Amino acid sequence: MSYTAQLTVRAKDVNQALAKAREVATAAGGYVGSESVTAPAGAVPAGQLQLKLPSAAFQSSLDQLAGLGEVLSRTSQAEDLTQQVADVSSRVQSQQASVERVRALMGQAKSLAEVTALEAELSKREADLESLQKQQKELGSKTSYSTVTLNLRGEEAIPEPAPKKVEKEDEGFWSSVGSALSGGWHVLVLIVRGLAVAVAAVSPFLLALGVPALVAYRFLRRRRPAPAKPAEEEPE
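Owing to the predicted nature of the structure, the values given are computational and were not obtained by experimental measurement.

Student: Can you help me understand the overall build of the chain in this one?
Tutor: A count of helices and strands for the chain gives five helices and five strands. Starting at the N terminus, the α and β elements of the chain follow one another as β-α-β-β-α-β-α-α-β-α. For the chain, with 236 residues in total, the buried portion stands at 19%. The contacts of the chain with a sequence gap of at least 6 include a subset with a gap of at least 24, amounting to 77%.

Right under this line is the structure:
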């Protein structure tokens, strides 16, 4: 029985998972048929292994490989090659017997033409035998070893959640009135503050000019002649 499987696993550390997968294959008596690893800058690393595992240890090894991380996909299928192996083995035996017969005939050949014809036939039958023996060997490898294609993917970084936008609540009537009063009071404070600053700025000039003006006013008032009193009328 021959097995094939496709397994895709997401692992936290791809390199560590690859090393463990090799250990699983070696411990089961298998080997790594091919391997590829990609780790582009700014992208999630990934790797692929094609493992050849003894068919007797296929299922247990597949379960161990699935334990390397989170299984994203897993498929497997079995192929019964018993009949095919039997057919090829029978053909190999028949072809071997055919080759032996031609070799026996070559020993009995009495002319050069017979020898030449038998040599050509022998070469053809030996080539057919080699082809059948190659098929037999490939079938033996398939029945002895099963194939697992393991795809490993790294974990993607989880993006930070975007800050929530604070929606401004609709202002009611009294809230609007309060905002207006607050704004008006702020304007009044600014006006009063401006007037105070202006008064403080001109006060030295008022003092400098006001004192002499007050002295001059009092002086002139003292020098002004008093108004004449009206004459009293004589009695008749």
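Student: Is there a simple way to think about the pairing of strand E3 (residues 46-54) in this case?
Tutor: Strand residues, when the strand is regular, have side chains that alternate between the two faces of the sheet. Across seven bridges, the pairing between strand E2 (residues 31-38) and E3 is antiparallel. What sits directly across from Ser34, in E3, is Gln50. One ladder, built from nine bridges, connects E3 with strand E5 (residues 145-154); its direction is antiparallel. In the sheet register, Leu51 faces E5, and the bridge partner there is Val148.

Student: How should I be thinking about the packing of aromatic side chains in this particular structure?
Tutor: Aromatic ring pairs: the centre-centre distance and the angle between the two ring planes describe each pair. Across all of its chains, the model carries two aromatic pairs by this definition. Measuring from ring centre to ring centre gives 4.9 Å for Tyr3 and Phe58, while their planes differ by 10 degrees; the resulting arrangement is stacked. Residue Tyr3 is found in strand E1 (residues 2-11), and its partner Phe58 is found in helix H2 (residues 58-66); the two are separated by 55 residues along the sequence. Given the relative accessible area of 3%, Phe58 is considered buried.

Student: Help me out: how do you make sense of the side chain of Ser61 in this one?
Tutor: With respect to the helices, strands and loops of the structure, Ser61 is situated in helix H2. You can call Ser61 buried: its relative accessible area is 1%. Ignoring anything within four residues of it in the chain, the contact list for Ser61 reads Val24, Ala28 and Leu53.

Student: Teacher, can you tell me more about the nonpolar core here?
Tutor: The tendency in soluble globular proteins is for nonpolar side chains to be buried side by side. Core analysis: the biggest nonpolar cluster contains 21 residues, and Leu7, Leu65, Val148, Leu150 and Leu152 have the highest contact counts within it. Listed by contribution, the elements that provide at least two residues to this core are E1, helix H1 (14-27), E3, H2 and E5. The next biggest cluster of nonpolar side chains, apart from the first, holds eight residues, and it includes Val88, Val92, Val99 and Leu129.

Student: What exactly am I supposed to notice about the sheet that holds strand E4 (residues 70-79) here?
Tutor: Backbone-to-backbone hydrogen bonds join strands into a sheet, with any given pair of strands oriented parallel or antiparallel. The strand order across the open sheet built from five strands is E2-E3-E5-E1-E4, with neighbouring strands paired in mixed fashion. At either margin of the open sheet sits one strand with a lone partner, and together these are E2 and E4. Averaged over neighbouring strand pairs, the angle between their axes works out to 10 degrees when direction is ignored. Alignment of E1 against E5, held across eight bridges, turns out to be parallel. Residue pairing in the sheet places Thr8 in a bridge with Asn151 of E5. Strands E1, E2, E3 and E5 of the sheet are contacted by H1, whose axis makes an angle of about 5 degrees with E3.

Calculation notes
Residues numbered from 1 in each chain as written. Predicted model: local features only at pLDDT ≥ 70, side-chain atom pairs only at ≥ 80, totals over all residues. Heavy atoms only, no water. Helix = DSSP H or I, 4+ residues; strand = E, 2+ residues; numbered from the N terminus. Buried < 20%, exposed > 50% of the residue type's maximum accessible area, 1.4 Å probe, protein only. Contact = heavy atoms within 4.5 Å. Pairing = 2+ DSSP bridges. Phe/Tyr/Trp six-rings, centres within 6.5 Å; stacked < 30°, edge-to-face > 60°. Core = buried A, V, L, I, M, F, W, Y, C linked by side-chain atoms within 4.5 Å. Axes fitted to C-alpha atoms, helices over the stretch in contact; angles between N-to-C directions.

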